[in-house]
Amino acid sequence: MFCTVCGMTLQSPYQEFCYNCGSKILNQLFENTPGLMAVAIISSDGLPILSTLPKGSDETQVAAISSALLSIAERALIEIEKGEIEHLLVNSNEGYLIALKAGPNAILTISTTKDARIGLVLLDCIHVCNKISELLKKGK
Ligand SMILES: [Zn+2]
């Protein structure tokens, strides 16, 4: 397996791009998005690809739970015939958690501070999801 961006050999069969190339995408997101606290890119089967989570967070757990949450939300929408999911927004007393699909093969999960502008954060997330989706397509 090789990185779809720079061609470097990859360590894990789950990866589609190397840590450096993935980090560049995540860093861009951090630079452009005020209030962003943590980001994780997750494969559609719930395995972590890349993340910047707070110390003490279990990347594997976060990945599995995000993927499960998103698929439960999708099921709910199907049951009430309310179209296709665009994103999942969880509002806590300390901020927001957003999960959205990054193409058919990945999920992006992020957390923000309470005062983050969710509309802008979502736009940035959609932009990054499109990028991730393009990268993963190249690898197929
Ligand atoms: Zn690379």
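If you're wondering where the values come from, they're calculated on a predicted model, not measured in any experiment.

## Points about the nonpolar core
Ranked by size, the top nonpolar core spans 30 residues in total, and within it Ile-41, Ala-106, Leu-108 and Ile-132 carry the most contacts. Elements with a contribution of two residues or more to this core: helix 1 (19-32), strand 1 (36-43), strand 2 (48-52), helix 2 (59-79), strand 4 (95-101), strand 5 (106-113) and helix 3 (118-139). Broken down by element, the residue count for this core peaks at 6 residues, all from helix 3. Leave out the neighbours within four places in its chain, and Ile-41 touches Gly-22, Ile-49, Leu-50, Ser-51, Ala-102, Ala-106, Leu-108 and Ile-132.

## Some remarks on the environment of Thr-60
If you trace the backbone, Thr-60 turns up in helix 2. Spatially, the C-alpha atoms of Thr-60 and Ile-49 are 9.6 Å apart, while their sequence positions differ by 11 residues.

## A closer look at the sheet that holds strand 1
In spatial order, the strands read 2-1-5-4-3; together these 5 strands make up an open sheet with antiparallel pairing. The open sheet has two edge strands, strand 2 and strand 3 (88-92), and neither has a second partner. Looking at each pair of strands side by side, their axes are set apart by 10 degrees on average, direction ignored. Sheet topology places strand 1 next to strand 2; 4 bridges connect them, and they run antiparallel. Within strand 2, the residue paired with Ile-41 across the bridge is Leu-50. Relative to strand 1, helix 2 is tilted by about 75 degrees, and along the sheet it contacts strand 1, strand 2, strand 3, strand 4 and strand 5.

Rules used throughout
Residues numbered from 1 in each chain as written. Predicted model: local features only at pLDDT ≥ 70, side-chain atom pairs only at ≥ 80, totals over all residues. Core = buried A, V, L, I, M, F, W, Y, C linked by C-beta atoms within 7 Å. Buried ≥ 20, exposed ≤ 12 C-beta atoms within 10 Å, placed from the backbone. Helix = DSSP H or I, 4+ residues; strand = E, 2+ residues; numbered from the N terminus. Contact = placed C-beta atoms within 7 Å. Pairing = 2+ DSSP bridges. Axes fitted to C-alpha atoms, helices over the stretch in contact; angles between N-to-C directions.

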